[in-house]
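A look at the structure
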Amino acid sequence: MEKQREMIRVQNLKKSFGKVEVLKDVTLQVGKGEVVVLIGASGSGKSTLIRCINFLEIKDGGEIYIEGKSIDPKKDLTKVRQKVGMVFQHFNLFPHKTVLENIMEAPLIAKKADKEETKQEALRLLQKVGLSEKADAYPSSLSGGQKQRVAIARSLAMKPEIMLFDEPTSALDPELVGEVLETMKQLAQEGMTMIIVTHEMGFAKEVADWVAFMNQGKIIEMARPQEIFNNPKEERTREFLNRVL
Ligand code: ADP
Ligand code: MG
């Protein structure tokens, strides 16, 4: 396999909440432009892992490297937030702002970007997620799938190099899941580096470069999708897949 430039490396990451060790020793490497789908039972630590990468949680131990540089939450928080976009299960759009204003908000406030340029970029992103006609709509008038696509566009407005997704389709009605997955697939094809927590195994098979299986605070197996779905090495991976497939 051709060696890809490393984008993220998580090394021996540890995180506890009180006495509960949620991340025991997580090591994970993601190459530039790679898509890693993170799977595992509820409570296994998937959200905590990606929240640590974005410093929404502060790790207790281990290291996080972005493009080879160890990241210090005390010094690098703003830079990391800019480089690493995140999309959650719930869209958290600003209800009193239009779609366009939602997308423009972060670059205008955090980057003090030029207003006209930001608007043009926001319009371009809206087109990319297929929602040009909704620029002036308010979030309450959108479907769940449309809201989530706006949330993706809003995150892209900061020009991140890495996108993290935490169950982006879990709160959606089944018929709206596809359009959001399609947007994510398009991003992957454009070369975005992504870590995606999802239960959509069809999507994982089709889009992931790697599938990582998390169990009780550790990644116990990471392999190519066809490998992990057809021939998992670990008994616990097999058990999990038997339950969800
Ligand atoms: P997953 O996303 O795989 O379902 P999480 O990372 O959300 O798992 O949670 C892993 C464990 O950490 C769970 O037992 C959960 O209850 C606990 N946990 C997560 N966040 C917190 C928190 N802020 N405070 C206390 N416990 C938490
Ligand atoms: Mg979770």
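Counting starts from 1 at the beginning of each chain's written sequence and moves along it residue by residue. Chains carry letters from A onward and ligands carry numbers from 1 onward, assigned in written order. Only residues with pLDDT of at least 70 get local features here, since the model is predicted, and only at 80 or more are side-chain atom pairs given and counted; chain-wide, interface and lining totals rely on the full set of residues. Side-chain metrics rest on all non-hydrogen atoms present in the structure, leaving aside hydrogens and water.

A few points about the site of ligand 1
Basically, it comes down to this: Only a single heavy atom is needed: when it lies within 4 Å of a molecule or strand, its residue is near that molecule or strand. We define a polar contact as two N or O atoms separated by no more than 3.5 Å, with the added condition that, inside protein, one atom must be a possible hydrogen donor and the other a possible acceptor, whereas residues neighbouring each other in sequence contribute only through side-chain atom pairs. Helix numbering and strand numbering both begin at the N terminus, where a helix is a DSSP run of H or I of at least 4 residues and a strand a DSSP run of E of at least 2. Side-chain classes are defined by residue name, with Ala, Val, Leu, Ile, Met, Phe, Trp, Tyr, Cys and Pro counting as nonpolar, Asp, Glu, Lys and Arg as charged, and the others, Gly among them, as polar.
Taken together, Phe-17, Val-22, Ala-41, Ser-42, Gly-43, Ser-44, Gly-45, Lys-46, Ser-47 and Thr-48 form the complete shell of residues around ligand 1. At a separation of 2.7 Å, an oxygen atom of ligand 1 approaches a polar backbone atom of Gly-43. For the shell around ligand 1, the element with the most residues is helix α1 (residues 46-53), which contributes three residues. Looking at the shell around ligand 1 residue by residue, the classes come out as three nonpolar, six polar and one charged.

A look at the UniProt feature "domain: ABC transporter" (unreviewed entry) in the chain
How we decide: UniProt positions are given in the numbering used here, feature names are shortened, and annotations may be inferred rather than shown by experiment.
Within the UniProt annotation, "domain: ABC transporter" (unreviewed entry) is assigned to residues 8-241. Secondary structure over residues 8-241 splits into 40% helix and 26% strand, and the C-alpha atoms at its two ends are 26 Å apart.

Focus on the side chain of Thr-118
What counts, and what does not: Relative accessible area decides the class of each residue, using a 1.4 Å probe on protein chains only: under 20% of the type maximum gives buried, over 50% gives exposed, and in between gives partly exposed. Any two residues whose heavy atoms approach within 4.5 Å are treated as being in contact.
Along the chain, Thr-118 falls in helix α4 (residues 115-128). For Thr-118, a relative accessible area of 7% corresponds to the buried category. If we skip the residues at most four places from it in the chain, Thr-118 touches Met-104, Pro-107, Leu-108 and Ala-113.

Notes on the sheet that holds strand β10 (residues 218-223)
To be explicit about the condition: For two strands to be treated as a pair, DSSP must find no fewer than two bridges joining them. Between the N-to-C directions of two axes lies an angle of 0 to 180 degrees, each axis being a line fitted to C-alpha atoms and, for a helix, fitted only over the stretch in contact.
In space, the six strands of this open sheet follow the order β6-β7-β8-β3-β9-β10, with mixed pairing throughout. The open sheet is flanked by β6 (84-87) and β10, the only strands paired with a single partner. Mean inter-strand twist for the sheet, computed between neighbouring axes without regard to direction, equals 20°. Of the pairings in the sheet, the one linking strand β3 (residues 35-40) to strand β9 (residues 210-215) comprises five bridges and is parallel in character. The residue of β9 that forms the bridge with Val-36 is Trp-210. Packed onto the sheet, helix α9 (residues 235-244) meets β3, β9 and β10 and runs at close to 100° relative to β9.

Overview of the environment of Thr-27
Tracing the chain through its elements places Thr-27 in strand β2 (residues 20-31). Considering only alpha carbons, one finds Thr-27 and Ile-228, 201 residues apart in sequence, at a separation of 18 Å. Apart from the residues within four sequence positions on either side, Thr-27 is in contact with Val-10, Gln-11, Asn-12 and Ile-219. Polar side-chain contacts of Thr-27 include one of 3.0 Å to the backbone nitrogen of Asn-12.

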